[in-house]
Amino acid sequence: MKIIGIEHLGIAVKDLANDAPFWNHILNIEHRSTEGVEDQGVTTDIYDTGKGKVELLESTTPDSPIAKFIEKRGAGIHHVCFEVDDITEAIKELKESGIHVLGDEPSIGAEGYKVVFIHPSSTGGVLVELAEKS
Ligand code: CO
């Protein structure tokens, strides 16, 4: 498994219309895309610094993982995403090391990347996403 770099920080927000302007207009980070990821129940709004992105996550359904996260812990950093060269190999290696990977197969996340999440119980408390660019 090779980690290529930090792909993005995932930030749970209550309201994109209210919270996105800070990233877009105050920090002036270039807007890249806004996209619904239906099986996660979220809208992703992505800003690209050129050296790592910010992914704002707004829930679209009351029982989505992001809605539950905000209910429990409030808005804020939700996950850190690392880019990997081969996600299928990464999943296999992590499982062999006893790491709690959420799923046996990657799913398709924002920007069409193949993604998988690692449970915070295996990482020191942070939800970690791995992504392979297609
Ligand atoms: Co993400």
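Refer to the preceding data block for the structure.
Just so you know, these numbers come straight off a predicted model, no measurement behind them.

Description of the sheet that holds strand E5 (residues 76-84)
Consideration 1: If you walk across this open sheet you meet the 8 strands as E2-E3-E4-E1-E5-E8-E7-E6, and the pairing is mixed. Each of the sheet's edge strands pairs with one partner strand only, and the pair in question is strand E2 (30-37) and strand E6 (101-108). When strand polarity is set aside, the average angle formed by the axes of neighbouring strands in this sheet is 25°.
Consideration 2: Examined bridge by bridge, strand E1 (residues 3-13) and strand E4 (residues 53-59) share 6 bridges and lie parallel to one another.

Let's talk about the pattern of salt bridges
Consideration 1: On inspection of all chains with the given rule, the structure shows 8 salt bridges.
Consideration 2: Across the pair Glu111 and Arg32 runs a salt bridge whose closest N-O atoms are separated by 3.0 Å. In this pair, Glu111 sits in the loop between E6 and strand E7 (114-118) while Arg32 sits in strand E2, placing the two residues 79 residues apart along the sequence.
Consideration 3: Glu111 sits in the partly exposed class, given a relative accessible area of 21%.
Consideration 4: With its nearest N and O atoms 3.7 Å apart, the salt bridge here joins Lys133 to Glu83. Separated by 50 residues along the polypeptide, Lys133 in the segment after strand E8 (128-132) and Glu83 in strand E5 bring together distant segments of the chain.
Consideration 5: Taking the relative accessible area as the measure of exposure, Glu83 reaches 16% and is therefore buried.
Consideration 6: Here the salt bridges do not stand alone but share partners, grouping Glu7, Arg32, Asp48, Lys53, Glu83, Glu111 and Lys133 into one network.

Here's the deal with the coordination of the cobalt ion
Consideration 1: Binding of the cobalt ion to the protein goes through His8 (NE2), Glu55 (OE), His79 (NE2) and Glu129 (OE), at separations of 2.0 to 2.3 Å.
Consideration 2: Given 4 donor atoms and angles of 88 to 174° at the metal, the environment of the cobalt ion is assigned as irregular.
Consideration 3: In terms of primary sequence, the donors binding the cobalt ion are separated according to H-x46-E-x23-H-x49-E. Of this pair, Glu55 sits in strand E4 while Glu129 sits in strand E8, and the two are 74 residues apart along the sequence.
Consideration 4: When its relative accessible area of 6% is taken as the criterion, Glu129 is described as buried.

Re unusual backbone geometry
Consideration 1: Of note, Asn28 is a non-glycine position whose phi angle comes to about 60°, a positive value.
Consideration 2: With respect to the element layout, Asn28 can be found in the loop between helix H1 (16-26) and E2.
Consideration 3: A positive phi angle, close to 65°, is found at Glu111, a residue other than glycine.

About the criteria used
- Starting afresh in each chain, residues are numbered from 1 along the sequence in its written order.
- Totals for whole chains, interfaces and linings use every residue, but because this is a predicted model, local features are given only for residues with pLDDT of at least 70 and side-chain atom pairs only at 80 or more, for both listing and counting.
- Side-chain metrics rest on all non-hydrogen atoms present in the structure, leaving aside hydrogens and water.
- We call two strands paired when DSSP finds no fewer than two bridges between them.
- Helix and strand assignments come from DSSP, with helices taken as H or I runs of at least 4 residues and strands as E runs of at least 2, each series counted from the N terminus.
- Every angle, taken between N-to-C directions, lies between 0 and 180 degrees, and every axis is a line fitted to C-alpha atoms, over only the stretch in contact when it is a helix.
- By salt bridge we mean one thing: a side-chain nitrogen of Lys or Arg within 4 Å of a carboxyl oxygen of Asp or Glu.
- Classification of residues uses two cut-offs on accessible area relative to the type maximum, computed with a 1.4 Å probe and protein chains only: under 20% is buried, over 50% is exposed, and between them is partly exposed.
- A 2.8 Å cut-off from the metal defines N, O and S donors, relaxed to 3.2 Å for Na, K and Ca; water is not in the atom list, so some sites may appear incomplete.
- Here a site with four donors is tetrahedral if all angles are between 85 and 135 degrees, and a site with four or six donors is square planar or octahedral if opposite donors are over 155 degrees apart and the other angles are between 65 and 115; anything else gets the irregular label.

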